[in-house]
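# Structural features, examined
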Amino acid sequence: MSKPVIGFIGLGLMGGNMVENLQKRGFEVIVMDLNKDAVAAVLARGNATEASSPKELAEKSDIIELCVTTSEVVEKLVYGENGILEGIKEDSVLIDFGTSIPASSQKIGADLARKGVGMIDAPLGRTPAHAKDGLLNIMAGGDKATFDKYEPVLKEQGENVFYLGPLGAGHTTKLINNFMGMTTVCAMSQAFAAAKLAGVDRGQLYEIMSSGPSNSPFMKFCKNYAVDGVSDLGFSINNANKDLRYFNQMVSDLGSRSLIAEGTSTNLSAAVEAGMGSGNVPEIFDYFVDLKK
């Protein structure tokens, strides 16, 4: 049987490598991105075309995949003029690989279902290098029959594909994961900042903390920057700030509140306002060192 045609919107570092992997595996792709150099790179590899609108892309695709920055962008692509909803075909599927607000995905999924279209929320773990080789971690949520139908394609893109439950479960799990991770990085970075302000040897502090139950890969990333000046956790303060904002929105939608997440979000937002948003998250150490009363 011929492979499905995949329409892909979002050719950033992760999305561009995902498309390259699909092309290496023999899929025909139809792509869109504001970065025309990224589009040109896809077209140069062959078996690929560029769509002029999300509607056109949807009309020509069996599977539509999104790897974009925010829920707001996803909703614009779906609901905007010449959007995906206008062109999507019955019995096709929309897969959102970004990190989105679960309630937004559930709303989109309900509107797609009325047109006989499925949806899977499938946020990602691991790095762009893994994306190029089809070795991502994929956290998928959606109708089980829809997931089962498209799982073989997801397994072309991910080494580990987890089915987590109904639509929104993937984004919920990813936001919880990132809340834990980014809160940990902020706390550890402030610990190293406090040591610097107090004149305590940060290398010795790391040796002490890492010899106990607080040790983790995140602690090593924080130490690498705060002690050695090496910024090697490839996740920006801007992205962390967005994910904590989404986590707080999700918790609010659930009728609750997270004071811990609000604290992390406050620090990340302040670091962004201080012009540090493009830096990797452990670089918030510098913000904590310079923070005044």
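Below is a summary of the structure that appears in this document. (Residues numbered from 1 in each chain as written. Predicted model: local features only at pLDDT ≥ 70, side-chain atom pairs only at ≥ 80, totals over all residues. Heavy atoms only, no water.)

### Some thoughts on the overall build of the protein
Helix and strand content of the protein: 14 helices and nine strands. For 293 residues, the compact-globule formula gives about 19 Å, and the C-alpha radius of gyration of the protein, at 21 Å, lands near that figure. Expressed as lengths along the three principal axes of its C-alpha atoms, the size of the protein is roughly 65 × 45 × 35 Å. Among the 293 residues that make up the protein, the fraction classed as buried is 52%. The long-range fraction of contacts in the protein, counting pairs at least 24 apart against all pairs at least 6 apart in sequence, stands at 65%. Just so you have it, the protein exposes about 13,400 Å², and 53% of that area is on carbon and sulfur atoms. (Helix = DSSP H or I, 4+ residues; strand = E, 2+ residues; numbered from the N terminus. Rg over C-alpha atoms; globule rule 2.2 N^0.38 Å. Buried < 20%, exposed > 50% of the residue type's maximum accessible area, 1.4 Å probe, protein only. Contact = heavy atoms within 4.5 Å. Areas by Shrake-Rupley, 256 points an atom, 1.4 Å probe, with all protein chains shown as cover.)

### Observations regarding helix α8 (residues 144-157)
Over its 14 residues, α8 extends 19 Å from the first C-alpha to the last, a length consistent with the 20 Å expected when each residue adds 1.5 Å. Of all the bends in α8, the greatest, near 55°, is centred on Glu151, and the proline Pro152 appears no more than four residues after it. Listing the buried residues of α8 in full gives Thr146, Phe147, Tyr150, Val153, Leu154 and Gln157. Where α8 begins, the side chain of Asp143 points an oxygen toward the backbone nitrogen of Ala145, at a separation of 3.2 Å. (Expected span 1.5 Å × (residues − 1). Bend = angle between axes of the 7 residues up to and from the residue. Polar contact = N/O pair within 3.5 Å; in protein donor to acceptor, adjacent residues only side chain to side chain.)

### Some thoughts on the packing of helix α4 (residues 71-79) against helix α6 (residues 102-113)
Where α4 contacts α6, the two axes come as close as 10 Å, and the packing angle between them is 15°. Accordingly, the angle class assigned to the pair α4 and α6 is roughly parallel. For the pair α4 and α6, the crossing hand works out as left-handed. Contact residues: Ser71, Val74, Glu75, Val78 and Tyr79 in α4; Ser104, Lys107, Ile108 and Asp111 in α6. Each residue belonging to the contact of α4 with α6 can be placed in one class, and the counts come to four nonpolar, two polar and three charged. (Axes fitted to C-alpha atoms, helices over the stretch in contact; angles between N-to-C directions. Parallel < 35°, antiparallel > 145°, perpendicular 65-115°, else oblique. Left-handed = near helix turned anticlockwise from the far one by under 90°. Nonpolar A, V, L, I, M, F, W, Y, C, P; charged D, E, K, R; others polar.)

### Topic: the pattern of salt bridges
Tallied over the full model, the rule gives 17 salt bridges. One salt bridge connects Glu72 with Arg245, and the closest N-O pair in it is separated by 3.8 Å. One end of the pair, Glu72, is in helix α4; the other, Arg245, is in helix α12 (residues 237-253), with 173 residues separating them in the sequence. Under the relative-accessibility criterion, Arg245 is labelled partly exposed at 42%. (Salt bridge = Lys/Arg side-chain N within 4 Å of Asp/Glu carboxyl O.)

### Remarks on the nonpolar core
A general trend in soluble globular proteins is that nonpolar side chains are found buried together. The biggest cluster of nonpolar side chains holds 36 residues, and the ones touching the most others in it are Phe192, Phe247, Leu268, Ile284, Phe285 and Tyr287. Counting residues per element, the ones that place at least two in this core are α9 (169-198), α10 (202-210), α11 (217-226), α12, α13 (259-276) and α14 (284-290). No other element matches the nine residues that α9 contributes to this core. With residues near it in sequence (within four places) discarded, Tyr287 still touches Asn267, Ala270, Ala271 and Met276. Of all hydrophobic cores here, the second largest spans 31 residues; its members include Leu11, Ala48, Leu136 and Tyr150. (Core = buried A, V, L, I, M, F, W, Y, C linked by side-chain atoms within 4.5 Å.)

### Quick look at the state of the cysteines
Using the criterion set out here, one finds zero disulfides in the structure. Here Cys222 is not disulfide-linked; the sulfur of Cys186 is the nearest cysteine sulfur, at 8.4 Å. (Disulfide = S-S within 2.5 Å.)

### Some words on the environment of Ile64
Take Ile64: it is sitting in strand β4 (residues 63-66). With 55 residues separating them in the primary sequence, Ile64 and Met119 have C-alpha atoms 9.5 Å apart. When near neighbours in sequence (up to four residues on either side) are disregarded, Ile64 contacts Gly7, Leu57, Ala58, Ile84, Ile88, Val93, Leu94 and Ile95.

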